[in-house]
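# Coordinate analysis (summary)
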Amino acid sequence: MTFSTVLITGAGFAGSTIARELANAGHRVHIIDKRPHIAGNAFDELNAHGVLVHRYGPHIFHTNSERVWQYLSRFTEWRPYEHRVRGVVDGKEYPFPINRDTLNQLYGLDLDETGAAEFFEKHREPRDPVQTSEDVVLNSVGRDLYEKFFLNYTRKQWGMDPSELKAGVAARIPVRTNTDDRYFTDTYQVMPAEGYTKMFERMLNHPNIQVKLGVDFSELTDLELYDHIVYTGPIDAYFKHCYGPLPYRSLRFKHEHLADVQQFQQVGTVNYPNDHAYTRITEFKHLTGQEHTGTSIVREYPEAEGDPYYPIPSDTNEALFKRYRELAEKEAGVTFVGRLAEYRYYNMDQVVGAALSAAKKLIERLRPSS
Ligand code: FAD
Ligand code: UDP
C-alpha cells in the first residue's frame, strides 16, 4: 500500500480537521503554522494571572450540525454555555439581539408578543429585494433601532456603511418578538471543557501527524516532496496578490486583568455600538465558567491593517475573490479550505463542516494504490 504525504498550511479548525481525517485514513501529514501555536484564531491560554482567555477574541461554540458536534466530541468534553449579550444605548444596557424586552425597556412599553410583532410591522421600512445589511435591518425593525444598535457598530466594525455590506452580515443577528435573550438558538451551545487549545492538541495527536510551528508557507522550498497541499491561509497571499490585495478586516485585542474584581459585567459580552473605539467587551469567566478571585476581559478595536480576521462581504470583494478562486481551481495539487482561503464569513462549526467534506473528497482522490 502506498500512502501520500500531504502538507497542510494552517493549524486552525480547517487545517487540523483535515490533518486528522487524512491521518486516520493512513496518510502522512505535515502541518505548519506561521504562528507559534496551534488552534488558529480559536487559540486559548492561561494568562499570567491563571485565567483562561482567548487570545484572538471571544470564541463561543454553537452548531445545529449533528455531524460536526459528533466529530469534535471525539476530542473534548463540553461545558454547556448559552451566550448572552447586552447593547449599550445612551449609557444603558439592553438585551441584544433586539427582543420584546429590548422594546419595552427602551421605549417604556408593556408589549406582549403580538404587540411586539405589531411594533415591528409599524416601524419597519419594507425593502424588496433585501440586498444589503442596511436593507436587512430597516426591513425588519425600522430606522430608530437601526440607528441605535446597528449603524455605528457596523461602521466601526467594518469601516463601511451597512448599505455597502452584503445582507448576510446583519442577517446573522435575529430579531425576536419573544423574550429569549440568548445570542444563539442552536441545538448545541457549549464550550470545550478544558479549552480549545487542549481540544486541538488531541486532534493533532496522531502518529501520522507532524506539527511544525513558526513556519511560513512562503518560505518553504521543498514543496515537491508533497503529493498534495492543503492551504487554509488567505487565498490572495497564496497567489502573491497578483490581482491586488483581497480586503480582510483586522482587529486589535486589548486584554486586561482586574485583580480584585469578581465579575466585571453581567453577561459574557457587552456591545458598544455608539461609544468608544472598541466594539465590545467580553469577560472570559462567563464563557469558561472558571472561578477566580479576579477577572479578565478583552476589548476589540477594529482596524484596517493587521492580521486578517474577517473577509469583508461586499459585491466588489466577492468579485475579486472569484478571480482568485478561478486560479485556485486550476491549481491541481492544492485544496483551499477555511475562512481565509474561501473568503467566507464562517463560524467555527461551518469551517469544520467544510473541512470534513474537503477531507472526504481528498481521501477519495488520494486512495492508496496497492
Ligand atoms: P484560522 O483559525 O484563521 O486558521 C488559519 C491558520 O493559518 C492561522 O493559524 C494562520 O496563522 C495560518 N496561516 C495563514 N497563512 C499562513 C502561512 N502563509 N504560513 C503558515 N501558516 C499560515 N466562530 C464561532 O463559531 N463562534 C464565535 O464566537 C466566533 N468568534 C470569533 C471572534 C473573532 C474576533 C474572530 C476573528 C472570529 C470568530 N469566529 C467565531 C470565527 C472563527 O475564528 C473561525 O471560523 C475559525 O477559527 C476559522 O478557522 P480556519 O482554520 O479557517 O482559520
Ligand atoms: N451588529 C451590530 N450591532 C451589534 C452587533 C452586531 O450592528 O451590537 C452587526 C455588525 O455589522 C456585525 C454583524 O452584526 O459585524 C454580525 O455580528 P456578530 O456578533 O455575529 O459578529 P462577530 O461575532 O462575527 O464579530
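Criteria and thresholds
Residues numbered from 1 in each chain as written. Chains lettered and ligands numbered in written order. Predicted model: local features only at pLDDT ≥ 70, side-chain atom pairs only at ≥ 80, totals over all residues. Heavy atoms only, no water. UniProt positions renumbered as here; feature names shortened; annotations may be inferred. Phe/Tyr/Trp six-rings, centres within 6.5 Å; stacked < 30°, edge-to-face > 60°. Lys NZ or Arg CZ within 6 Å of the ring centre and 35° of its normal. Domains from an automatic or database assignment. Contact = heavy atoms within 4.5 Å. Buried area = accessible area lost by both parts, 1.4 Å probe. Salt bridge = Lys/Arg side-chain N within 4 Å of Asp/Glu carboxyl O. Polar contact = N/O pair within 3.5 Å; in protein donor to acceptor, adjacent residues only side chain to side chain. Nonpolar A, V, L, I, M, F, W, Y, C, P; charged D, E, K, R; others polar. Helix = DSSP H or I, 4+ residues; strand = E, 2+ residues; numbered from the N terminus. Buried < 20%, exposed > 50% of the residue type's maximum accessible area, 1.4 Å probe, protein only.

- In the annotation of an unreviewed UniProt entry, the entry for the protein chain reads UDP-galactopyranose mutase, and the organism field reads Comamonas piscis.
- If you open the UniProt record of the protein chain and go to Sequence similarities (unreviewed entry), you find "Belongs to the UDP-galactopyranose/dTDP-fucopyranose mutase family."
- UniProt, in the comment section headed Cofactor (unreviewed entry), describes the protein chain in these words: "FAD".

### Notes on the packing of aromatic side chains
- On inspection of all chains with the given rule, the structure shows 30 aromatic pairs.
- Through a chain of ring-to-ring contacts, three or more aromatic side chains come together here, namely F217, Y231, Y238, F239, Y243, Y324 and F336.
- Sitting above the plane of the Y301 ring, R252 keeps its charged end 4.3 Å from the centroid.
- Above the plane of the ring of Y243 lies R323, whose end atom (NZ or CZ) is 4.0 Å from the centre.

### Description of the domain arrangement of the protein chain
- Examined at the domain level, the protein chain breaks down into domain 1 (5-43 + 53-82 + 192-247 + 312-366) and domain 2 (96-169).
- One C-alpha centre belongs to domain 1, the other to domain 2, and the line joining them spans 34 Å.
- With six residues of domain 1 at the interface, the matching set in domain 2 holds six residues.
- Surface buried jointly by domain 1 and domain 2 totals about 540 Å² across both partners, of which 71% is contributed by carbon and sulfur atoms.
- Counting the surface domain 1 buries against domain 2, the share from its top three residues, I312, P313 and Y345, is 67%.
- Summed over the shared surface of domain 1 and domain 2, the number is two salt bridges.
- Where D315 meets K166, a salt bridge forms, and the shortest distance between an N and an O atom there is 2.9 Å.
- On inspection of domain 1 and its partner domain 2, the count reaches two residue pairs in polar contact (both at pLDDT 80 or more).
- The class makeup of the residues in the side of domain 1 that touches domain 2 is three nonpolar, one polar and two charged.

### Some details on the pattern of salt bridges
- A full pass over the atoms with the stated rule returns 22 salt bridges.
- For D144, the salt bridge is made with K148, and the minimal N-O distance between the two is 2.9 Å. A residue pair is termed a helical-turn pair when its members lie 3 or 4 positions apart in one helix, as D144 and K148 do in helix α6 (residues 143-158) at four residues.
- Taking relative accessible area as the criterion, D144 reaches 33% and is therefore assigned partly exposed.
- Across the pair E256 and R299 runs a salt bridge, and its minimum N-O distance is 2.8 Å.

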